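Examining the three-dimensional arrangement
The chain contents come next:
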Amino acid sequence: MNNTFGVAFTVTLFGESHGEAIGAVLDGLAPGIPVDEAGIAEALARRRPKDNLSTARREKDEFRLVSGVKDGHTTGTPLTLLIPNADCRSGDYRQEAFLPRPGHADYAAYRKYHGFEDRRGGGHFSGRLTAALVAAGAIVRRALSDAGITIGTRIAALGGIADPLPLTEETLPLLRGREFPVLDPAVGEEMKEAVRAATRDGDSVGGILETMVIGLPAGIGEPWFDTAEGELSKILFSVPAVKGVEFGDGFSLTGMRGSIANDPFAVRDGRIVTLTNHNGGINGGITNGMPLAFRVAVKPTPSIFKEQRSADPTTLKEAPLSLRGRHDPAIVHRAAPVIEAVTALALADLITRRYGTDALATASFAADRPASRPERPACEGAKDQKIRTEGSL
């Protein structure tokens, strides 16, 4: 069992939806990183439900930093944050029979934890725990921002309705401060109505979130097993309801010829850039200095109020399931700050692996310096070439 993400910089998630508190432990943070509590509160407010598009559960998310912070800066020791659970109605989840929700983790959790899991509100599998991820992400996001790295996410589609405007370096700043992050506000209203229509039907809808990261240096990530796409995908798939991830043009690349899919290199303002970004800022598992771009598919919320078929795994008897409680008809809009947070956490780990523990505090990695090659005598190069040739397969 593992609830920890990362290698050089790690985040450990703990708690249950209806437990006393949820929280996270951040380890590997350099000392001296500013901790902006107002910024953490702002990030949590973006995730919090506010209207009839979301669950009726209203948590204040009054977080506490109980270790690893002194005088507004990280100390370099493990940072622990706690978020109390206050607005719980555990009685909504009492059932005479255990009927797992179709599409939810209920049954899989029962098989893994042998019935000892806390099922109230989804327990450890609840989207409630994403509040701790958002708070943790806000801490490292401040360090990334100080290094000139910007992360933004928009709702690309919701309930079958698409935001038609492209997300680019120029349009990304338009999302700042928008509670419902779309580029076309009129389309955003159509999306909201699609959510309300699903609510009236006792149903739910899903959608697509699109994220862009600007300011990443080239050279982050590893070939093969620790690729930038792989590490990001690992944490993105940890966000509840995420069922697909694609980088750049993703699956659409399969319909292109190489002459289109390839991103030609050019020199602009003294640095290497690509003229297009079909590959989403990553080549060979390593960032190439262009905007990191990816999309995630968020499925419809499994907790719906339509009667569904289920079966009690303790008795092996089928039975109809009718839910009570408070559930989101869509989580796409609330998931946007979560995606940004986990992106920041993954990038913090990749940067720390590449540039060392103090990188996030000093932002020394931010400079986009050209790589240098040491000069070697021609005979030495020829000798190396002979060895490589004779030793090759």
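Everything discussed here concerns the structure shown above.
Since this is a predicted model, take the numbers as computed values, not measurements.

1. Quick word on the pattern of salt bridges
- One pass over the full model with this rule turns up 21 salt bridges.
- With a closest N to O distance of 2.8 Å, Glu210 and Arg154 form a salt bridge. Taken together, the residues Glu210 in strand E10 (residues 207–214) and Arg154 in strand E8 (residues 150–158) connect sequence positions 56 residues apart. The exposure classification of Glu210 matches that of Arg154, with both residues buried.
- Between Arg200 and Glu193 there is a salt bridge, and its shortest N-O distance comes to 2.8 Å.

2. Some thoughts on the sheet that holds strand E16 (residues 292–298)
- Spatially, the five strands line up as an open sheet ordered E9-E8-E10-E16-E11, and their pairing is antiparallel. Every interior strand has two partners, whereas the edge strands, strand E9 (161–162) and strand E11 (242–247), have only one.
- As paired strands, E8 and E10 are joined by eight bridges and run antiparallel to one another. Counterpart to Ala157 in the pairing with E10 is Ile208.
- Those strands touched by helix H5 (residues 228–236) are E11 and E16, and its axis lies near 160 degrees from that of E11.

3. Remarks on the pairing of strand E13 (residues 271–274)
- One ladder, built from four bridges, connects strand E12 (residues 265–268) with E13; its direction is antiparallel. Bridged to Val267 within E13 is Ile272.
- Two successive antiparallel strands, E12 and E13, enclose a turn made up of two residues, where Asp269 displays a positive phi of approximately 55 degrees.

4. Details of the sheet that holds strand E1 (residues 4–5)
- In space, the five strands of this open sheet follow the order E1-E2-E3-E7-E4, with antiparallel pairing throughout. Edge positions in the sheet fall to E1 and strand E4 (64–67), since each of these pairs with one other strand and no more.
- Note: E4 against strand E7 (residues 79–84), three bridges, orientation antiparallel. The residue bridging Ser67 from the neighbouring strand is Thr80, located in E7.

5. Some points on the environment of Leu44
- Its place among the elements puts Leu44 in helix H1 (residues 37–47).
- Looking at Leu44, the relative accessible area reads 0%, which means it is buried.
- With residues near it in sequence (within four places) discarded, Leu44 still touches Asp61, Phe63, Ile83, Ala131, Val134 and Ala135.

6. A few points about the layout of surface pockets
- Roughly 880 Å³ of volume is contained in the second largest pocket.
- What lines the second largest pocket is a set of 34 residues, among which Glu42, Arg46, Arg141, Arg176 and Glu340 lie closest to the centre.
- When contributions to the lining of the second largest pocket are tallied by element, the ones reaching two or more residues are H1, helix H3 (130–146), E8 and helix H7 (332–355).
- In terms of residue count, the dominant contributor to the lining of the second largest pocket is H3 (seven residues).
- The class makeup of the residues in the lining of the second largest pocket is 17 nonpolar, seven polar and ten charged.

7. Quick notes on the side chain of Asp263
- Relative to the helices and strands, Asp263 is located in the loop between helix H6 (258–261) and E12.
- Among buried Asp, Glu, Lys and Arg side chains, Asp263 stands out as unpaired, with Arg271 the closest opposite charge at 13 Å.
- Among the polar contacts made by the side chain of Asp263, one reaches the main-chain amide nitrogen of Asn277 at a distance of 3.3 Å.
- In this structure the side chain of Asp263 is engaged in a polar contact, spanning 2.8 Å, whose partner is the backbone nitrogen of His278.
- In this structure, Asp263 is in contact with Thr274, Thr276, Asn277, His278 and Asn279, ignoring residues within four places of it in sequence.

8. What to know about empty space enclosed by the protein
- Counted under the stated rule, the structure contains two cavities of 30 Å³ or more.
- In this structure, the largest cavity occupies an estimated 40 Å³ of space.
- Contributing to the lining of the largest cavity are Gly221, Glu222, Leu350, Arg353 and Arg354.
- Residue classes in the lining of the largest cavity are distributed as one nonpolar, one polar and three charged.
- Put simply, the second largest cavity is a space of about 30 Å³.

9. Points about the packing of aromatic side chains
- One pass over the structure, following the stated rule, counts three aromatic pairs.
- Ring plane angle 50 degrees and centroid distance 5.5 Å describe the contact between Phe98 and Tyr110, whose orientation is recorded as tilted. Separated by twelve residues along the polypeptide, Phe98 in the loop between E7 and helix H2 (106–113) and Tyr110 in helix H2 bring together distant segments of the chain. A single burial state applies to Phe98 and to Tyr110, both of which are buried.
- On the numbers, 5.6 Å between centres and 50 degrees between planes, the contact of Phe247 with Phe294 is tilted. In this pair, Phe247 is assigned in strand E11 and Phe294 in strand E16, connecting sequence segments 47 residues apart. Like Phe294, Phe247 is buried.
- In this arrangement the basic side chain of Lys112 is found over the ring face of Tyr113, its NZ or CZ atom lying 5.7 Å from the centre.
- Looking at Arg119, its charged tip hangs above the ring of Phe98, at a distance of 3.7 Å from the centre.

Procedures and definitions
- Residues numbered from 1 in each chain as written.
- Predicted model: local features only at pLDDT ≥ 70, side-chain atom pairs only at ≥ 80, totals over all residues.
- Heavy atoms only, no water.
- Salt bridge = Lys/Arg side-chain N within 4 Å of Asp/Glu carboxyl O.
- Helix = DSSP H or I, 4+ residues; strand = E, 2+ residues; numbered from the N terminus.
- Buried < 20%, exposed > 50% of the residue type's maximum accessible area, 1.4 Å probe, protein only.
- Pairing = 2+ DSSP bridges.
- Contact = heavy atoms within 4.5 Å.
- Axes fitted to C-alpha atoms, helices over the stretch in contact; angles between N-to-C directions.
- 1 Å grid on protein atoms, 1.4 Å probe; cavity = no way out; pocket = protein on both sides within 12 Å on 5 of 7 lines; lining within 4 Å.
- Points joined across faces, edges and corners; volume = space filled by probe spheres on them.
- Nonpolar A, V, L, I, M, F, W, Y, C, P; charged D, E, K, R; others polar.
- Lys, Arg positive; Asp, Glu negative; His and termini not counted.
- Polar contact = N/O pair within 3.5 Å; in protein donor to acceptor, adjacent residues only side chain to side chain.
- Phe/Tyr/Trp six-rings, centres within 6.5 Å; stacked < 30°, edge-to-face > 60°.
- Lys NZ or Arg CZ within 6 Å of the ring centre and 35° of its normal.

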